[in-house]
Structures are given as C-alpha cells and as structure tokens.
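Here are the chains, one letter per residue:
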Amino acid sequence: MAPIHEPDDIRNKTFEVIINGTPVVLDHDTVTYDELGQLAHPGHNPQAMFTITYKNAIGPHGGNGVLVAGESVKVKKKGTSFNVRLTTRS
C-alpha cells in the first residue's frame, strides 16, 4: 500500500515576513498582535503597548492596515511586512 501524501501539509509551510525591516520566517500563516510585539521587541515589559501597521497581508483594503490588541492578521507566503513600535501610555 502506497503512503498517503498531503502536498498542502501545513507543517511543511513557511511564511517569510518582514518585521521592522528584519526578515522573519514563521511556521504559521496567522500572526497576532502579542506575537508581533514579542518578535519585534523580545523581553519587553508585559504591560507595553504597540502601534502595529502592516502591508501586503491577506485581507481587505489591499491587505494594508493597523493591528490592535486582541487582533490577528493572515500573512502571505512572502512579502507581508510589519512596523511594530513601542508606544507609551499617557
């Protein structure tokens, strides 16, 4: 009996994104606000807030927008980029 092959097996997929100008390879296609904060600013204060913008994602408005706490965005195989800035509370 021949083995079953699943060509779209998600475990073998990678997604190449850019975070603050640095290439990052993800093993999943959806990234969260909290995950982006950790990737962009490892070891940050857990109470920190971020301003996150993205370009070339999968979604409305040409895949461009702003990500806020509690949200996530689906990335493309290549080319999605993020700008993640620490912001201060007032």
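Quick caveat: nothing in here was measured; it's all calculated off a predicted structure. Each chain has its residues counted from 1, running along the sequence as written. Under the rules for a predicted model, residues below a pLDDT of 70 receive no local features and side-chain atom pairs below 80 are neither given nor counted, while totals for whole chains, interfaces and linings still include all residues. Excluding hydrogens and water, the side-chain figures rest on all heavy atoms present in the structure.

**Side note on the pairing of strand β7 (residues 78-87)**
Walk down a regular strand and you will see the side chains alternate between the two sheet faces.
In step 1: Two strands qualify as a pair provided DSSP detects at least 2 bridges between them. Secondary structure counts use DSSP, requiring at least four H or I residues in a row for a helix and at least two E residues in a row for a strand, with both numbered from the N terminus. Two strands pair when backbone bridges link them, and strand β1 (residues 15-19) and β7 are joined in this way by 4 bridges, in the parallel orientation. Residue pairing across strands places Val17 opposite Thr80, the latter belonging to β7.
In step 2: The pairing of strand β4 (residues 49-55) with β7 spans 7 bridges and is classified as antiparallel. The residue bridging Thr51 from the neighbouring strand is Arg85, located in β7.

**Describing the environment of Ile58**
In step 1: You can see Ile58 is positioned in the loop between β4 and β5 (65-67).
In step 2: Classification of Ile58 as partly exposed rests on a relative accessible area of 46%.
In step 3: Taking the C-alpha atoms as reference, Ile58 lies 8.5 Å from Thr80; in sequence the two are 22 residues apart.
In step 4: Setting aside chain neighbours within four positions, we find Ile58 in contact with Lys74, Val75 and Lys76. Only protein chains enter the accessibility calculation, which uses a 1.4 Å probe. A residue is then buried if its area is under 20% of the maximum for its type, exposed if over 50%, and partly exposed in between. Contact definition: two residues touch when any of their heavy atoms are within 4.5 Å.

Any functional reading would require information that these geometric values do not contain.
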